[in-house]
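Take a look at the letters that make up each chain.
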Amino acid sequence: MSEKKVSLWSLFLTFAKMGVMTFGGGYAMLPILQREVVENKHWAAEEEIMDYFAIGQCTPGIIAVNTATFIGQKKRGAAGGIAATLGVVFPSLIIISILAGLITNFSHLKWVQDAFAGIQVCVCVLIFNAVTKLLKKSVVDKWTAGIFALVLAGGFFLDISPVWFVVTAAVAGIILKNLEVKGK
């Protein structure tokens, strides 16, 4: 059975809707992306979206934008990647442009500063929820738990680029999974 071709306009509108509804940056968008792309549109499987999140985090740019690009490219090639990317960033571009014009005039007001303090706390909770969901789906055995523990400890105690953690975790995953397969 052939899959129905997704229109570029549908890709743009779907990701623009997510871009409008998501406040708090890339990580806050992950649960919405997962729900819309996997559950509502069926454009990717749960395992695929987790892989897109992982790759999106490891590549330059914002994880949600990278993920949108991957999904758009999967559905319609380069044009789909561009449509999805433009869709997800377009609302932010408009909203940030308006806010930038307003913020310079009102940032000194106490109530504006208090509002930003509240928003920052909310964003932390949204990021925490996204990380918790990713953790539950990513740490699936003793090997991934070990990699998680080592990277977490390294992140707290070492002052090195996150790129080294990603590369080291990837190499460790390859080695440990190969050892596990050979041991069976």
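Residues numbered from 1 in each chain as written. Predicted model: local features only at pLDDT ≥ 70, side-chain atom pairs only at ≥ 80, totals over all residues. Heavy atoms only, no water.

J.: Help me understand the overall build of the protein in this model?
T.: Along the backbone of the protein there are 7 helices and 0 strands. If you list the helices and strands of the protein from N to C, you get α-α-α-α-α-α-α. Its C-alpha atoms give the protein principal-axis dimensions of roughly 65 × 50 × 25 Å. Residues counted as buried form 28% of the 184 residues belonging to the protein. Long-range pairs, those at least 24 residues apart, make up 53% of the contacts in the protein between residues at least 6 apart in sequence. Just so you have it, the protein exposes about 12,000 Å², and 72% of that area is on carbon and sulfur atoms. Each charge sign in the protein was given a centre, from 16 positive and 11 negative side chains, and these centres are 5 Å apart. (Helix = DSSP H or I, 4+ residues; strand = E, 2+ residues; numbered from the N terminus. Buried < 20%, exposed > 50% of the residue type's maximum accessible area, 1.4 Å probe, protein only. Contact = heavy atoms within 4.5 Å. Areas by Shrake-Rupley, 256 points an atom, 1.4 Å probe, with all protein chains shown as cover. Lys, Arg positive; Asp, Glu negative; His and termini not counted. Charge placed at Lys NZ, Arg CZ, Asp CG, Glu CD.)

J.: It is not clear to me how the nonpolar core should be interpreted in this structure. Could you clarify?
T.: Within the largest apolar cluster, 26 residues are counted, with the highest numbers of intra-cluster contacts made by F15, L33, V37, I49, F53 and I71. Counting residues per element, the ones that place at least two in this core are α1 (8-21), α2 (26-40), α3 (46-58), α4 (63-106) and α5 (110-138). Broken down by element, this core gets its largest block of residues, 8 residues, from α4. Ignoring any residue separated from it by four or fewer positions in sequence, one finds V37 in contact with F15, M18, H42, W43, A44, I49 and I71. (Core = buried A, V, L, I, M, F, W, Y, C linked by side-chain atoms within 4.5 Å.)

J.: Sorry if this is basic, but what is going on with unusual backbone geometry here?
T.: Excluding glycine, residues mostly have negative phi values, and the peptide bonds linking residues are mostly trans. In this model, H42 sits at a positive phi of 55°, which is unusual for a non-glycine residue. Mapped onto the elements of the fold, H42 is located in the loop between α2 and α3.

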